[in-house]
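In case you want the letters, here they are:
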Amino acid sequence: MSEERPPARADADDRKRRRLLRRRRRFQEMEMEASRRAYSGNGSGGACLPPLPANDDDDCDGGGDNGKGGVNDGGGNGGFRTLFGHPYGVLPYGNIHLSSGGDDVVRRPGLGPLLSALNDEQLLCVLSYVDGKSLGGGVSLASRFLYVMSHHDELWRDVCLRKWGEGGIAVPPPPPPPPNGGRNGDDDNRGGCWRDIYAHNHALELTTSSSTTATTTSPRRTSRSHYNDEDARETRPRRRTTSANTTPRSFLRRHEPIRIAGIYSDVLFRSWLCRSFAFCPSWLEITTVPTLNHADVTIDLFLKEYEERNVPLLIKGASNNWAAMKKWKDVDYLRNVTGDVKFRATSGAAPLPAKFTLDDYLNYCTYATEEAPMYLFDRSFGVSCPELLHDFDNDLSRTCGWWDRNSKHGHDLFGLLGDGRRPDYQWLIVGPVRSGSSFHIDPNCTHAWNAPIIGRKRWIFYPPGVAPPGVYPSPDGDDVCMPISIGEWFLTHWDEHVRRRAHPDPSKRPLECTACPGDVLFVPHGWWHMVLNIGDVNDCASIALTRNYVSSSNLPDVLRFLDTKVGQISGCRDRRGEGAVPPEDLGREFRRALMEALEEKGDEGGEADDDEKKCCDEGLDSRIQRRRGKWAALLEKSEKRAKEGWGCDAWSDLSPTCSGIEATCALNEGIDMMMAVENQRTTTTTPSRSSILARAKRPVFKTRADGGGAVISTPASDGFSFSFL
Amino acid sequence: MDGDDVHGTLKLVSKEGDTFEVPIEIAKLSNLVVTTLGEEDIDEDDDDGGVVEIPLPNVKATVLAKVIEYCTHYKMVEPMTPITLPLKSNRISEIVQDWYARFVDVDQTMLFELVTAANFMDIKSLLDLTCLAVSVLIKGKSAEEIRRIFNIGNDFSPDEEVHLRENQS
């Protein structure tokens, strides 16, 4: 007679079996993971390069000029070609399968049994701790593999930044071409410039006595050094001092790279790829940003149709008659008028910022070929070099009245705080061809205008709340995850971008344009944008001006931002101690400044009561009622719109979740949704917007991007929340 | 079954099959452990001592013991000073605490195994520390010395050697 197992026992056996299965699966996965990480040519978790042919630089169509030449062959490799081969002969890791011997030929013997256990990323990590002298000495002479690895340009960049970034990095101009032609037709295929820049600054350091050049022997700081406006205001001689060390004017001695065959590494190849990609013509073609000729733009038109509607606008020819347009074409004028003033440059890929004189920086631009080059973004040029400011400030107000501080609609309201206290707002932007800014939203909810003076810029916009391909903001907007370099974005996400151009909802489509010198571009607040300096044949670098501002059209959003997103406020953190307002106080101080301006511009005289000077919203209402000057009307309008619909559309947070993407949509859209829902629910009463508003205080609306379901709730404790599927 | 003790630990399995029982909080210094635990089914049962086992096929027992020692000290005694560039000094003992400086004062084979273990188990602070320790072996050495220390052959051709000397800054 067979015995049946009691049910409990069967359950236990079942669970045990499942556990063993899970365990076995886990062991298998770990084995795979272990062997994957053993790849020498890859970082331990590095994304793989898109498939690429081994670069045959002899066949290169680029012609070695600055980027207009490269041709898109449109072939099966995704259509991207580099202009030059890797200067040290490195090939992408996939090519190892075509070789006989693979890593055993150069890598393993060149590293020895111990070092070859590390992958390339780890090796670079080790080398990043090594000083310049050892790197260029023992390491690079030890073996062919170490020679190539030790010449990785970013290693040298970081050494230079740490030693001389704070005091200023000297970069001399390139050597003149030899009279009897180039050496082997390979002049454009030098290795990266940073090794040579290191050698130059090192030599300067040795020959300079401690009193002439600043801070070559300053103690290294362990903490990230902060840019200090004191430096900008320090009085310095405006001309370069002639000293024994710097005459005659030296040139950058370039070292000659040796090509080593048999080295396969995505880590080493990748940054080269991203910096030397050829511009594909299709990237630069279409114009979908609204465009007008300057003559056709009036203040009224601009404000009503573009600024208040929050739509970008390219104004052709707006800056044609600015003094800067003529004067800055002469690079010597720029070099002379800036003299020894140091400007600040940063890079997303670099651990520290660096300072350069404009002269040095322009020289750097002629060599700069990194994946994410140092980009000069200086916020103090108005103070450190007032001539530059005079070259455009008055012309701007004259030609673009909608951007005039005295305009009655209220422009540049942060200016009410005063120059020392307001967040950073104007920048001089200089960068080499192929540099630019990857996707971002401008700080503090501000609008901006951007005027290229030298060199063309390619712009890609995505509407507020629509994250571009490859860009993943965190739900609260504090963090964004995205590719560091523009080259990487183009290489990886272009196809998706093209698809988005045809998105069924036109309000979610990207907009693009090319801004040329003479044009000025309006960048409305909240819009994602990316900029690529495409340059022109004779340009040494791209030079542009930009300002960010608050006007009546974005004032409500700015106020809300200052109150609710203190952690994301930027442009005032590191300027304390000069009366600069810290981020946590900015909202309050801004309101106070607005109210003081209201007081000054009010039609009626009289002093306000002491307790009215408190800057709170209730006080604002009563003050508006009492004083009806033009500013009162302005603020009233802003506050009203804030109550009705918060001006800007779509504060959107996108977060990938396991069940889809939730998006926070604008208040107005949310109210529409709620009304639709209410209509469905009740047949007796008609819901009104104001009644919904009354119940909803700072509501959060979420809708699924796949169209299914919505959850609407308010954080207030009146318990109003609604959901349906 | 005494639930509390068992729940707080997991088992790390070395290449040779040895198991090390480690408190979960300490093991979570490794991101690999964190992601592996995250993938586990929650209804893992706790009868028959169903403690989670995580195999580490890359990591030898001796190395794993050292890694666990690191994590234990980090969590139970004091975390390591983060290593930031520029380095304050050329001496490890001046960059991190004494215990950590002594921790990497080991023979080279073990040091390199620690680098790969730290990489595989995704423990950033340990990776930084071990890479720093390796760099100390390299700094200030001539090419011949580096070749000797790491058992590297000189694979330059005579022409290349000449070219390199010329290009030296």
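Cut-off values and rules
Residues numbered from 1 in each chain as written. Chains lettered and ligands numbered in written order. Predicted model: local features only at pLDDT ≥ 70, side-chain atom pairs only at ≥ 80, totals over all residues. Heavy atoms only, no water. UniProt positions renumbered as here; feature names shortened; annotations may be inferred. Core = buried A, V, L, I, M, F, W, Y, C linked by side-chain atoms within 4.5 Å. Buried < 20%, exposed > 50% of the residue type's maximum accessible area, 1.4 Å probe, protein only. Helix = DSSP H or I, 4+ residues; strand = E, 2+ residues; numbered from the N terminus. Contact = heavy atoms within 4.5 Å. pLDDT = per-residue confidence, 0-100. Buried area = accessible area lost by both parts, 1.4 Å probe. Salt bridge = Lys/Arg side-chain N within 4 Å of Asp/Glu carboxyl O. Expected span 1.5 Å × (residues − 1). Pairing = 2+ DSSP bridges. Axes fitted to C-alpha atoms, helices over the stretch in contact; angles between N-to-C directions. Phe/Tyr/Trp six-rings, centres within 6.5 Å; stacked < 30°, edge-to-face > 60°.

Per an unreviewed UniProt entry, chain B carries the name S-phase kinase-associated protein 1 and comes from Cyclostephanos tholiformis. On record in UniProt, under Sequence similarities (unreviewed entry), the comment for chain B is "Belongs to the SKP1 family." According to UniProt, the comment filed for chain B under the heading Pathway (unreviewed entry) is "Protein modification; protein ubiquitination."

Under an unreviewed UniProt entry, chain A has the name JmjC domain-containing protein and belongs to Cyclostephanos tholiformis.

S.K.: Quick one: what's the story with the nonpolar core, residue by residue and with numbers?
M.R.: Judged by nonpolar contacts, the single largest core of 153 residues is most densely connected at Trp403 of chain A together with Tyr70 of chain B. The biggest single contributor to this core is helix H6 (residues 108-121) of chain B, with nine residues. Look past the residues within four positions of tryptophan 403 of chain A in its chain and what remains in contact with it is Phe302, Glu307, Ile315, Leu396, His411, Trp449, Val520, Phe522 and Tyr549 of chain A.

S.K.: Talk me through the confidence of the model for chain B; I want residue IDs and the actual numbers.
M.R.: Residues and elements named next belong to chain B. Of the residues in chain B, 88% reach a pLDDT of 70 or more, and the chain-wide mean stands at 84. Predicted confidence in chain B is weakest over helix H1 (residues 3-7), with a mean pLDDT of 44, and strongest over helix H4 (residues 61-76), with 95. Low pLDDT (under 50) marks residues 1-6, which in the prediction has three contacts with non-local residues, meaning those over four places away or in another chain. Every residue in residues 41-48 scores below 50 in pLDDT, and together they form 14 contacts with partners more than four places removed in sequence or on other chains. Prediction confidence for the complex, expressed as pTM and ipTM, is 0.71 and 0.85 respectively.

S.K.: Outline the side chain of histidine 73 of chain B, listing residues and values.
M.R.: Among the structural elements, histidine 73 of chain B can be located in helix H4. If we ignore the near neighbours within four places in the chain, the residues touching histidine 73 of chain B are Glu78, Trp99 and Tyr100 of chain B.

S.K.: Explain the interface of chain B and chain A to me, and be specific about the residues and the numbers.
M.R.: The interface of chain B with chain A comprises 59 residues on the first partner and 55 residues on the second. Here chain B packs against chain A, burying approximately 5,100 Å² in sum over the two surfaces, 60% of which is carbon and sulfur. Three residues, Leu85, Pro86 and Asn119 of chain B, lead the burial of chain B against chain A; their summed loss comes to 11% of the area buried on that side. Linking chain B with chain A are one salt bridge.

S.K.: Describe in detail helix H7 (residues 194-207) of chain A, supporting the description with residues and values.
M.R.: The end-to-end C-alpha distance of H7 of chain A is 20 Å, a good match for the 20 Å that 14 residues give at a rise of 1.5 Å each. Looking only at H7 of chain A, the buried set comprises Trp194, Arg195, Asp196, Ile197, Tyr198, His200 and Asn201 of chain A.

S.K.: Lay out the sheet that holds strand S14 (residues 528-533) of chain A in plain terms, naming residues and giving numbers.
M.R.: Residues and elements named next belong to chain A. Strands sit in the order S7-S14-S9-S12 across an open sheet of four strands; the sheet is antiparallel. In the strand order of this sheet, the two ends are held by strand S7 (436-440) and strand S12 (511-515), each with one partner. With strand direction ignored, the average angle separating the axes of adjacent strands in the sheet is 15°. Pairing analysis gives three bridges linking S7 to S14, with the strands arranged antiparallel. The residue bridging serine 437 from the neighbouring strand is valine 531, located in S14.

S.K.: I'd like a description of the pairing of strand S9 (residues 457-462) of chain A, backed by residues and values.
M.R.: All names here are of chain A. Within S9, six of the six residues are buried, leaving the element largely enclosed by the surrounding structure. Two elements, S9 and S12, share five bridges in a ladder whose sense is antiparallel. Pairing of phenylalanine 461 across the sheet is with leucine 511, part of S12. Direction of pairing for S9 relative to S14: antiparallel, over a ladder of six bridges. Residue phenylalanine 461 lies in a different strand from S14, and its bridge partner there is histidine 529.

S.K.: So what about the sheet that holds strand S13 (residues 520-523) of chain A? Which residues, and what values?
M.R.: All names here are of chain A. With respect to topology, nine strands assemble into an open sheet ordered S1-S2-S13-S8-S15-S6-S5-S3-S4, the strand pairing being mixed. In the strand order of this sheet, the two ends are held by strand S1 (291-293) and strand S4 (354-357), each with one partner. Ignoring strand direction, the axes of neighbouring strands in this sheet form an average angle of 30°. Here helix H13 (residues 358-367) sits on the sheet and contacts strand S3 (342-346), S4, strand S5 (375-378) and strand S6 (426-431); the angle it forms with S4, its principal contact strand, is near 100°.

S.K.: Before we move on, can you summarise unusual backbone geometry with the specific residues and values?
M.R.: All names here are of chain A. Positive phi is not limited to glycine here, since aspartate 412 has a value of about 60°. Here aspartate 412 shows up in the loop between helix H16 (393-399) and S6. For aspartate 412, a relative accessible area of 7% corresponds to the buried category. Even without glycine at this site, cysteine 445 takes up a positive phi of about 65°. A relative accessible area of 8% means that cysteine 445 is categorised as buried.

S.K.: Describe the UniProt feature "domain: SKP1 component dimerisation" (unreviewed entry) in chain B, naming the residues involved and giving the relevant values.
M.R.: As annotated by UniProt and renumbered to match this structure, "domain: SKP1 component dimerisation" (unreviewed entry) occupies residues 124-167 of chain B. Across residues 124-167 of chain B, helical content stands at 75% and strand content at 0%; the span's end C-alpha atoms are separated by 37 Å.

S.K.: Give me the lowdown on the packing of aromatic side chains, citing residues and values where you can.
M.R.: Following the criterion strictly, the structure yields 34 aromatic pairs over all chains and no others. Aromatic side chains phenylalanine 461 of chain A and tryptophan 527 of chain A sit 6.2 Å apart centroid to centroid with 85° between the ring planes, which places their arrangement in the edge-to-face category. Residue phenylalanine 461 of chain A is located in strand S9, and its partner tryptophan 527 of chain A is located in the loop between S13 and S14; the two are separated by 66 residues in the primary sequence. Phenylalanine 461 of chain A sits in the buried class, given a relative accessible area of 0%. Overall, tryptophan 527 of chain A belongs to the buried group, its relative accessible area being 9%. Pairing tryptophan 99 of chain B with phenylalanine 103 of chain B gives two aromatic rings, centres 5.3 Å apart and planes at 20°, and the pair type is stacked. One end of the pair is tryptophan 99 of chain B and the other is phenylalanine 103 of chain B, both in helix H5 (residues 98-103) and four residues apart, which spans about a single turn. An aromatic cluster of three or more residues is present, and its members are Phe302, Trp322, Phe381, Phe392, Trp402, Trp403, Trp449 and Phe522 of chain A.

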